[in-house]
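Structural description and commentary
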Amino acid sequence: MKLHEHQSKRIFAQYGIPIPKGEVANTPEEARQVAADLGRRVVVKSQVLVGGRGKAGGVKVANNPDEAEQVASKILGMNIKGLTVRKVLVDEAADIQQEIYLGVVIDRAARRVTMISSAAGGMEIEEVARTAPDKIIKVPIDPFLGLRDYQARQVAFALGLKGDHIRDFTIIAHGLYQAFLDTDASLAEINPLVVTGEGKLLAVDGKIVTDDNGSFRHQDLAALRDVDEETHSEAEARSFGLNYIQLDGQIGCMVNGAGLAMTTMDIVKLFGGSPANFLDIGGGASADKVAAALRIILADPNVKALLFNIFGGITRCDEVARGIVTALQQVPTEVPMVVRLVGTNEEEGRAILAGAKMQTASTLVEAAQKAVAAAKGEEYVPPPPPPLVVYAPKEHEIAMPPSGKPAARKITKPKPTKKAAKKTAKPAKKPAKPTKKAQ
Ligand code: GDP
Ligand code: MN
């Protein structure tokens, strides 16, 4: 879950991180009142859960309450990267001398929580990483020892901070690390952490992203969830316990299991298509859940074909098939569909789907190729058989003795073609005769 700037900064403040004074306003009049109460130059900031608000015109300085009201009336209702601004934060404006980036993230490769910092703050850290990777300072943190003072000081030195700023910075670094741990975050970030004209360090922006897997132990944070900021599809997916991430491709994927979902997306890509979403319906998905998943996928206007890839284990193929049929009654669609059902109750599943207009596939490769063709509005043409000679015994070559135990496999030597026979002077070695033991 992403927390808003004002929520993140309030949490940071509890950990000794200095933040500007300010209040949230829902209307231009409220913004004027907050500015009047603060009694000085303010900055009016859109509260939407995306970065780059500054660049988009969602952060503006106002010199007096009148200006604050005007600026707020412009920012409220503004659309920033697809999100409507419903609230603004009116903060005391800072006199910014220097902008620093400070973040705590999980570095999966290092298997450590890692503190990241850069003297090139203000802009997005991904941009710094791309254009000037040498300007990024990374400190892996030992999970048992936590952030050590010397590590925080090393970062401060590398940032070029001097005197009191070094001490202030270590307090902020410790606070940010502790806030990250206590909220079960996947990201805690101050961008920018500024050095002000008065020589103070101040967290001007803040961002926390919590790990939803830890949300059951954070009833305190649950109230901070902003449902306005979720797309309808995301909210519906969450309410049905579906793992859904919308992407910008054309092939909707409904899959059970995160690993299988990743594989499905890869294979769709491999055959020239692009997935419209990641969707894991999870194990033991009920018909209801499947129907919800289908509604969510079909709500995306980019979806030109649908690929169901279900590997029945705990999830029963017949249950999934019933879900698909139910959903198709609720949301009739012209979008072509390809289904691959394998595993528990696959026969029953296929029988249920027999009535629905759907292509079936027995392998994932075939399913992906069919879906890619369907998305392009093309007819699926099976590829010619690969020019491979497979030296595997055929069914009838495996003799079944009366004992019921399979006999040792008889390997028949492939007939060499004329060309091959000319090339190889020596005849191929005869396969070893099966020993008695093996029989
Ligand atoms: P973001 O663009 O969504 O990351 O929003 P930020 O809160 O980081 O604001 C963007 C930029 O606006 C900052 O990098 C600053 O340069 C500027 N800014 C933010 N707050 C203040 C302020 O109090 N005073 C001044 N002068 N500039 C500010
Ligand atoms: Mn920022």
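Scroll up for the structure.
Quick summary incoming for the structure in this document. All figures in this text were calculated on a predicted structure; none of them were measured in a lab.

The next thing to look at is the packing of helix α11 (residues 317–330) against helix α12 (residues 346–353). When two helices pack together, their arrangement is given by the angle between their axes and by how far apart the axes lie. Relative orientation of the contacting elements α11 and α12 amounts to 15°, with a least axis distance of 7 Å. By the angle class used here, α11 and α12 are roughly parallel. The way α11 lies across α12 gives a crossing that is right-handed. Side by side, α11 and α12 meet where Cys 317, Asp 318, Ala 321, Arg 322, Ile 324 and Val 325 of the first sit next to Glu 346, Glu 348, Gly 349, Ile 352 and Leu 353 of the second. Each residue belonging to the contact of α11 with α12 can be placed in one class, and the counts come to six nonpolar, one polar and four charged.

To continue, consider the coordination of the manganese ion (ligand 2). At this site the manganese ion (ligand 2) is bound by Asn 191 (O) and Asp 205 (OD), with donor distances of 2.1 to 2.2 Å. Taken together, the residues span a long stretch of sequence, with Asn 191 in strand β11 (residues 185–196) and Asp 205 in the loop between β12 (201–203) and β13 (207–210) at a distance of 14 residues. Just as Asn 191 is buried, Asp 205 falls in that class too.

Moving on, we get to the pairing of strand β8 (residues 96–107). Pairing of β8 with β11 involves eight bridges; the strand directions are antiparallel. When the bridges of β11 are listed, Glu 99 appears paired with Val 194. Looking at chain direction, β8 and strand β9 (residues 112–118) are connected through seven bridges and run antiparallel. Bridging from a neighbouring strand, Val 105 pairs with Thr 114 of β9. Connecting β8 to the next strand, β9, in antiparallel fashion are four residues, including Arg 111 with a positive phi near 55°.

What follows is about the site of ligand 1. As a structural note, the neighbourhood of ligand 1 is formed by 16 residues, with Lys 45, Arg 53, Gly 54, Ala 94 and Glu 99 the closest of them. Between an oxygen atom of ligand 1 and a side-chain N or O atom of Lys 45, the distance comes to 2.5 Å. Taking Arg 53, its side chain carries an N or O atom lying 2.7 Å from an oxygen atom of ligand 1. Contact with the protein chains hides 80% of the accessible area of ligand 1, taken as 560 Å² for the molecule alone. Those elements giving two or more residues to the shell around ligand 1 turn out to be β3 (42–46), β8 and β11. Looking at the shell around ligand 1, its residues break down into seven nonpolar, five polar and four charged.

Read from one edge to the other, the open sheet built from four strands follows the order β2-β7-β3-β4, with strand pairing classed as antiparallel. Two strands lie at the open edges of the sheet, namely β2 (22–25) and β4 (59–62), each paired on one side alone. Neighbouring strand axes in the sheet, compared pairwise and without regard to direction, differ in orientation by 20° on average. On top of the sheet, helix α1 (residues 5–14) reaches β2, β3 and β7 (88–92); it is set at about 45° to β7, its chief contact. Running at roughly 165° to β4, helix α3 (residues 65–75) makes contact with β3, β4 and β7 of the sheet.

Now for the nonpolar core. Phe 12, Met 115, Leu 161, Phe 169, Leu 176, Ile 190 and Leu 193 are the most contacted members of the largest nonpolar core, which has 36 residues in total. For this core, the elements supplying multiple residues, two or more each, are α1, β8, β9, β10 (136–141), α5 (149–158), α6 (164–182), β11 and β12. Sequence-distant contacts of Phe 169, defined by excluding residues within four places in its chain, comprise Leu 102, Ser 117, Ala 152, Val 155, Ala 156, Leu 159, Leu 161, Leu 193 and Leu 201. If you look at the next biggest cluster of nonpolar residues, it comprises 31 residues, including Met 254, Val 290, Leu 298 and Ile 324.

Time to look at the environment of His 165. Here His 165 shows up in helix α6. His 165 has contacts with Val 195, Gly 199, Lys 200 and Leu 201, leaving out every residue within four places of it along the chain.

A few words now on the pattern of salt bridges. Here the structure, examined in full by the defined rule, presents 19 salt bridges. Arg 130 is the partner of Glu 127 in a salt bridge, and the nearest nitrogen-oxygen pair spans 2.7 Å. Placement of both Glu 127 and Arg 130 in helix α4 (residues 125–131) is noted, with a separation of three residues, approximately one turn of the helix. You can call Glu 127 partly exposed: its relative accessible area is 32%. Exposure remark for Arg 130: the relative accessible area of 61% places this residue in the exposed category.

Glancing now at unusual backbone geometry. Following Asn 191, the chain continues to Pro 192 via a peptide bond in cis, the omega torsion being 10°. One non-glycine residue with positive phi stands out, namely Arg 111, at about 55°. Inspection of the secondary structure puts Arg 111 in the loop between β8 and β9. For Arg 111, a relative accessible area of 73% puts it in the exposed group. Look at Asn 345: it is not a glycine, yet its phi comes out positive at around 60°.

On the surface, a cluster of positive charge is contributed by Lys 2, Lys 55, Lys 81 and Lys 207. Within the secondary structure layout, Lys 81 lies in the loop between β5 (79–80) and β6 (83–84). Accessibility expressed as a relative area gives 55% for Lys 81, which makes it exposed.

Of all 10 residues making up α1, seven are buried, and the element is well covered by its neighbours. For α1, every residue scored as buried is listed here: Glu 5, His 6, Gln 7, Ser 8, Lys 9, Ile 11 and Phe 12. Gly 16 lies just past α1 and shows a positive phi near 80°.

What counts and what doesn't
Residues numbered from 1 in each chain as written. Chains lettered and ligands numbered in written order. Predicted model: local features only at pLDDT ≥ 70, side-chain atom pairs only at ≥ 80, totals over all residues. Heavy atoms only, no water. Axes fitted to C-alpha atoms, helices over the stretch in contact; angles between N-to-C directions. Helix = DSSP H or I, 4+ residues; strand = E, 2+ residues; numbered from the N terminus. Parallel < 35°, antiparallel > 145°, perpendicular 65-115°, else oblique. Left-handed = near helix turned anticlockwise from the far one by under 90°. Contact = heavy atoms within 4.5 Å. Nonpolar A, V, L, I, M, F, W, Y, C, P; charged D, E, K, R; others polar. Donors = N, O, S within 2.8 Å, 3.2 Å for Na, K, Ca; no water. Buried < 20%, exposed > 50% of the residue type's maximum accessible area, 1.4 Å probe, protein only. Pairing = 2+ DSSP bridges. Near = heavy atom within 4 Å. Polar contact = N/O pair within 3.5 Å; in protein donor to acceptor, adjacent residues only side chain to side chain. Areas by Shrake-Rupley, 256 points an atom, 1.4 Å probe, with all protein chains shown as cover. Core = buried A, V, L, I, M, F, W, Y, C linked by side-chain atoms within 4.5 Å. Salt bridge = Lys/Arg side-chain N within 4 Å of Asp/Glu carboxyl O. Patch = residues over 30% accessible without salt bridge, like charges linked within 9 Å, V, L, I, M, F, W, Y side chains within 5 Å. Lys, Arg positive; Asp, Glu negative; His and termini not counted. Charge placed at Lys NZ, Arg CZ, Asp CG, Glu CD.

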